[in-house]
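The primary structure of each chain is shown beneath.
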Amino acid sequence: MQRKTFKTSDGAQMSYISAGEGKPIVMLHGWSQSAEQFKYQIPAFAEHYRVIAVDLRGHGESEKVSFGYRISRLSKDLQELIGALQLEKPHLLGHSMGCAIIWSYLDLFGLDEIDRLVLVDQSPLGTLRSHWNAQEIAASGAIFTAEQLNAAVYALENSEAEEFTRNLLISMVTPAMSKEQFEWIVECNQRLPRTIAATLLYNHLHTDWRDQIVRIRNPTLILGGRKSMIPWQSQVWINQNIPDSELEIFEAAEGGGHFMFIENPDKFNRRVLQFLSRWRSLS
């Protein structure tokens, strides 16, 4: 695995991991995470593909610029990365907010130049509408009320930031995760300055992607967790609204939290590679 960099059109220096050869797959981590968290996937996928795992602006080893922390700008960064590396019809894998970046890419640039999609555990909408019933909330995957999101942003901008970060991450993992593994996730998470994390979280969770999800026609694999903070019913809704899509819900005993790719990398890697190889054989 090699660390490389590229500069965006607005001057942000971004770091990415490059490994393997062949058909490219670009991996997009979630809010306040990093490419390093795909450490169990990169070597396995690199046996079959050219893997590009990018640290989004401000995250991981990328430059901590003071601007551009919107999903639309992050999708522009993705488009520029694909162009800079001359990636021909790459697969895209997004975890959590990484899925929102893919949906924004669809909105702004279309998916004609993208091959397969792997969408890992992201709600179509993060902030619920007060008039929704329980079924509508579950289908949307909303996890915050507007008041709760405002409180989260306030906590991230103040002295409560580390405590809030830890508590949020606890809700994303199963009790089976080791203390050492959890502390590593916390450390990766906090490489994004907390005030920047607050700005990005607010933008991320207020956007409704349902009108874009229903337009996807690329073969798509959707992965969720029965015990994830993201309601698994929302992953069913995504599956029902994307033709040629497949759905896999990791059960609690299978590490079925928000980080199932860390808690159960063997099943995760096997399922993704199975999906990609099957479609490759049909194309």
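Preceding block: the structure.
Just so we're clear, the structure is a prediction, and the values are computed from it rather than from any experiment.

1. Description of empty space enclosed by the protein
- If you walk through the whole model with that rule in mind, you get two cavities of 30 Å³ or more.
- For the largest cavity, the calculated volume is near 170 Å³.
- Ser96, Ile143, Met172, His204 and Leu205 are, among the 17 residues lining the largest cavity, the residues nearest its centre.
- Take the lining of the largest cavity: its biggest share by element is three residues, from helix H8 (residues 194-205).
- Of the residues contributing to the lining of the largest cavity, the split by class is 10 nonpolar, seven polar and no charged.
- Quantified by volume, the second largest cavity comes out at close to 30 Å³.
- Along its surface, the second largest cavity is lined by Met14, Leu28, Val54, Leu56, Leu74, Asp77, Leu78 and Leu81.
- In terms of residue count, helix H2 (residues 71-84) provides more of the lining of the second largest cavity than any other element does, four residues in total.
- Of the residues belonging to the lining of the second largest cavity, the class tally is seven nonpolar, no polar and one charged.

2. Some points on helix H10 (residues 232-241)
- Taken together, the buried positions of H10 are Ser234, Gln235, Trp237 and Ile238. Buried residues along H10 cover an arc of 155 degrees about the axis, so they all sit on one side.
- On its buried face, H10 is in contact with helix H3 (97-109), strand E6 (117-120), helix H4 (134-140), helix H9 (210-213), strand E7 (220-225) and strand E8 (245-250).

3. Points about the side chain of Asn218
- As for its placement among the helices and strands, Asn218 is situated in the loop between H9 and E7.
- A residue is classified by how much of its surface remains accessible, and Asn218, at 10% relative accessible area, is buried.
- Reaching out from Asn218, the side chain makes a polar contact with the backbone oxygen of Ile114 at a distance of 3.0 Å.
- With sequence-adjacent residues up to four places away left out, Asn218 is seen in contact with Leu111, Ile114, Asp115, Leu117, Ile242 and Pro243.

4. Remarks on unusual backbone geometry
- The backbone of Lys89 shows a phi angle near 45 degrees, a positive value even though the residue is not glycine.
- For Lys89, the position within the fold is in the loop between H2 and strand E5 (91-95).
- Backbone geometry at Ser96 places phi at a positive 55 degrees, although glycine is not the residue there.
- Note that Ser96 resides in the loop between E5 and H3.

5. Observations regarding the pairing of E6
- Neither face of E6 is left uncovered, since the one carrying Leu117 and Leu119 and the one carrying Val118 and Val120 both have all their residues buried.
- When E5 meets E6, the two strands line up parallel, connected through four bridges. Bridge assignment links His95 to a residue of E6, and that residue is Val120.
- One crossover worth recording links E5 to the parallel E6 by way of H3, and it is right-handed.
- Of the strand pairs in this sheet, E6 and E7 are connected by four bridges, and their pairing is parallel.

6. Observations concerning H2
- In this model, H2 (14 residues) spans 20 Å end to end at C-alpha, consistent with the 20 Å of a helix rising 1.5 Å per residue.
- Looking only at H2, the buried set comprises Ile71, Arg73, Leu74, Ser75, Asp77, Leu78, Glu80, Leu81 and Ile82.
- Gln86, located one to two residues past H2, shows a positive phi value of around 55 degrees.

7. Looking at the packing of aromatic side chains
- Per the stated rule, a full pass over the model turns up four aromatic pairs.
- Relative to Phe261, the ring of Phe38 has its centre 5.3 Å away and its plane inclined at 40 degrees; by these criteria the two rings are tilted. Of this pair, Phe38 sits in the loop between strand E3 (24-28) and helix H1 (42-46) while Phe261 is found in helix H11 (residues 260-263), placing the two residues 223 residues apart along the sequence.
- Its relative accessible area of 1% is what places Phe261 among the buried residues.
- Here the aromatic residues Phe38, Phe259, Phe261 and Phe268 are joined through ring pairs into a cluster of three or more.
- Seen from the ring of Trp232, Arg226 lies directly overhead, with NZ or CZ sitting 4.6 Å from the centre.

8. Observations concerning the sheet that holds E8
- In space, the eight strands of this open sheet follow the order E1-E2-E4-E3-E5-E6-E7-E8, with mixed pairing throughout. In this open sheet, the two strands that pair with only one neighbour each are strand E1 (2-7) and E8. Each strand of the sheet is rotated relative to its neighbour by a mean of 20 degrees, with strand direction disregarded.
- Sheet strands touched by H2: E1, strand E2 (13-19), E3, strand E4 (50-54) and E5. Its angle to E1, the strand with the most contacts, is close to 110 degrees.
- Sitting on the sheet, H10 is in contact with E6, E7 and E8, with an inclination near 165 degrees to E8.

The rules behind these values
Residue positions are given per chain, counting from 1 as you read along its sequence in written order. Per-residue local features are limited, in this predicted model, to residues with pLDDT of at least 70; the limit for side-chain atom pairs, both in listing and counting, is 80 or more; totals at the level of whole chains, interfaces and linings are taken over all residues. Side-chain calculation: all heavy atoms of the structure are included, whereas hydrogens and water are not. Grid points spaced at 1 Å over the protein atoms alone were grouped into cavities, where a 1.4 Å probe fits but cannot get out, and pockets, open sets with protein on both sides within 12 Å along at least five of seven lines, with lining residues defined by an atom within 4 Å of a point. Grid points are joined across faces, edges and corners, and a volume is the space filled by probe spheres set on the points. Secondary structure elements follow DSSP: runs of H or I no shorter than four residues count as helices, runs of E no shorter than two count as strands, and numbering proceeds from the N terminus. Classification convention: Asp, Glu, Lys, Arg as charged; Ala, Val, Leu, Ile, Met, Phe, Trp, Tyr, Cys, Pro as nonpolar; all other residues, Gly among them, as polar. For the exposure calls, accessible area comes from a 1.4 Å probe over protein chains only, and a residue counts as buried if that area is under 20% of its type's maximum, exposed if over 50%, partly exposed in between. The directions from the helix axis to the C-beta atoms form the arc being described. A contact between two residues is defined here by any heavy atoms of the two lying within 4.5 Å. Think of a polar contact as two N or O atoms within 3.5 Å of one another; within protein, one of them needs to be a possible hydrogen donor and the other a possible acceptor, and neighboring residues in sequence only count if both atoms come from side chains. Should DSSP find at least two bridges between two strands, the strands are taken to pair. When the strands point away from the viewer, a crossover counts as right-handed if the path from the first strand over the helix to the second runs clockwise. Helices are assigned an expected span. That span is 1.5 Å times one less than the residue count. Aromatic rings from Phe, Tyr and Trp, with only the six-membered ring used for Trp, were paired whenever their centres fell within 6.5 Å, and each pair was classed as stacked if the ring planes differed by under 30 degrees, edge-to-face if by over 60, and tilted otherwise. We call a charge positioned above a ring when the Lys NZ or Arg CZ atom is no farther than 6 Å from the ring centre and deviates by at most 35 degrees from the ring normal. Between N-to-C directions, angles cover 0 to 180 degrees, with each direction set by a line fitted to C-alpha atoms, over the stretch in contact for helices.

Everything listed here is a matter of coordinates, which is why it stays silent on function.
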